[in-house]
Each structure stands twice: as structure tokens, then as C-alpha cells.
Amino acid sequence: MTNRPGKKDLPKLPPPEPVNAWASSGEEAASGPTLDPSPELAEALREAAAAVPDPASRKPPAESDESAATDRIEDLSAELVETKDRLVRMYADFENYRRRAQRERDEALRFGAQNLFKDLLTTVDNLERAIDHARMGGVGDLENLLQGVELVQKGLVSLMSRNGVVEIEALGKLFDPALHEAMAQAPDDSQAPNTVLEVLQKGYKLHDRLLRPARVIIARAPDAAAEGSDGQATD
């Protein structure tokens, strides 16, 4: 009869080593067998991995910022060019206005008394007529009057001369339609055609501006007298 070993005679086995339950499915523990994670834990790990973007697929922040800064610089440059162009046009308009205002002011200072002197021309004409009548009268009592009138006439002419009013030279000059007004023609073979023979009314200028043309009689060739011209011969 075979003897069975007793309980106390059984060999003792070493205790099992602990298993790392949190090890990933692709990794093994340092020693001993591994335990696969539960389905819930695996799903959570996949969601967490999907939520983290891949660094290789992300655009570097520096490149994005540089592009935005470049666009901003281009916008500011275009705005600067537009503002500069607007300022240049504004300055040109101001310069044109300033020059126009200066020109108008100079003309006002130079020709402001034009109407006054134009009215004085009638007075000068009247004085000249009075002097002529006194000379033709030959009355001795009028000598003093004549001298007084001559003084007034000279004073007025001097006043006009000091202010830029000058008499237009006409007698013996060739007819100039810009300065003279022909009132008649007279045949005269001693003068060239269109030469001023007589001044009926003196003309005057204020600086370079015409106040009144000189009214004159001009010469024409004697052989043109029978052609029915509008001129009148003078004795």
C-alpha cells in the first residue's frame, strides 16, 4: 500500500507576482505578464489622443504672425501714399489761390483809381477848351483868368501823371487801332497814309491799361478821294 504524503509534506510554491493593470496595450510590464485595459479605458485613451493635434500638421505661429504683419504694412503704405497725394494736391490748390489773390491785390492797388481818373478826364477837357477860347478872345481882362485856368489844368495833369495816367501820343504817329479811334480821313500827300493829322480828343492810359483812345483824323492818299470813302477832307 502506497503511502500518501501528508499535507505538511507538500512543497511550497512561490507567491504570484502582481500584474500592472495600467500598462498600455503595446507595452509590457517590467516583469511578469500584462493585463489589457478595459474597453472604456481604451476608448478614453483614443479620444484623448484625437483631441491633441499632430505637431507636424500645425502651422507655426511665427509664419502666421509674419503674414498678418506684412498685410498690415502694405495697407499702411497704401494709406500713406494716398494721404501724401492728397496733401500735394491740397498744397497746389492753396498755392494757386495765394497767387491769384496776390495778383488781384496788386491789380487793385495799381488800377483801383481807374474810375476816378476816367471822370477827371472830362474836367481836363473843359479846362483845355476854356484856355483855347480865352486865347482866341484876346481880351486883356481875361489874362488872369487864363493863367488860373492854366494852373488848374497843369495841376490836374501833374496829378494824373504821378498816379500813372499818361497821355497817348497820337499826332504824327501811324494809326494804331489799339490806341486811336479814327473819326475821319483827310487827303494829304505830305504824310504817309494812316498817319494821324489831327487829334480831336486826347487819349490816356493808366500804366499799361487803356483809359480812353485818342480820337483822331488820319491821312489818306489824294487819289482815293474820288472812290467814295467815308472820310471827310479838312481845309
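Relevant structure appears above.
Here the structure is a predicted model, which means the values were calculated and not measured.

Draft legend 1. Up close: the overall build of the protein. Of the regular secondary structure elements, the protein holds four helices and six strands. Along the protein, helices (α) and strands (β) appear in the sequence α-α-α-α-β-β-β-β-β-β when read from the amino end. Counting the 235 residues in the protein, one finds 19% classified as buried. Taking all contacts inside the protein whose residues are at least 6 apart in sequence as the whole, residues at least 24 apart take part in 59%. Surface summary for the protein: the accessible area is close to 18500 Å², and the carbon and sulfur share equals 54%.

Draft legend 2. A look at the sheet that holds strand β6 (residues 214-220). An order of β2-β6-β3 is seen for the three strands of this open sheet, with the pairing classed as mixed. The two strands at the open ends of the sheet, each matched to only one other strand, are β2 (180-187) and β3 (196-201). Averaged over all adjacent pairs, the angle separating strand axes in this sheet is 25 degrees, with direction ignored. Looking at chain direction, β3 and β6 are connected through four bridges and run antiparallel. Bridging from a neighbouring strand, V196 pairs with I218 of β6.

Draft legend 3. Quick peek at the layout of surface pockets. In this structure, the largest pocket spans a volume of roughly 230 Å³. Forming the boundary of the largest pocket are D125, E128, R129, D132, V199, L200, Q201, K202 and R215. Contributing elements (two or more residues each) for the lining of the largest pocket: α3 (114-137) and β3. Ranked by the residues each element gives to the lining of the largest pocket, the list is headed by α3, at four residues. Partitioning the lining of the largest pocket into residue classes produces two nonpolar, one polar and six charged.

Draft legend 4. Inspection of the side chain of T195 at higher detail. Relative to the assigned elements, T195 resides in the loop between β2 and β3. Discounting chain neighbours no more than four positions away, the residues touching T195 are G172, K173, L174, I217, I218 and A219.

Procedures and definitions
Residues numbered from 1 in each chain as written. Predicted model: local features only at pLDDT ≥ 70, side-chain atom pairs only at ≥ 80, totals over all residues. Heavy atoms only, no water. Helix = DSSP H or I, 4+ residues; strand = E, 2+ residues; numbered from the N terminus. Buried < 20%, exposed > 50% of the residue type's maximum accessible area, 1.4 Å probe, protein only. Contact = heavy atoms within 4.5 Å. Areas by Shrake-Rupley, 256 points an atom, 1.4 Å probe, with all protein chains shown as cover. Pairing = 2+ DSSP bridges. Axes fitted to C-alpha atoms, helices over the stretch in contact; angles between N-to-C directions. 1 Å grid on protein atoms, 1.4 Å probe; cavity = no way out; pocket = protein on both sides within 12 Å on 5 of 7 lines; lining within 4 Å. Points joined across faces, edges and corners; volume = space filled by probe spheres on them. Nonpolar A, V, L, I, M, F, W, Y, C, P; charged D, E, K, R; others polar.

Functional significance is not addressed by these values, which are geometric in nature.
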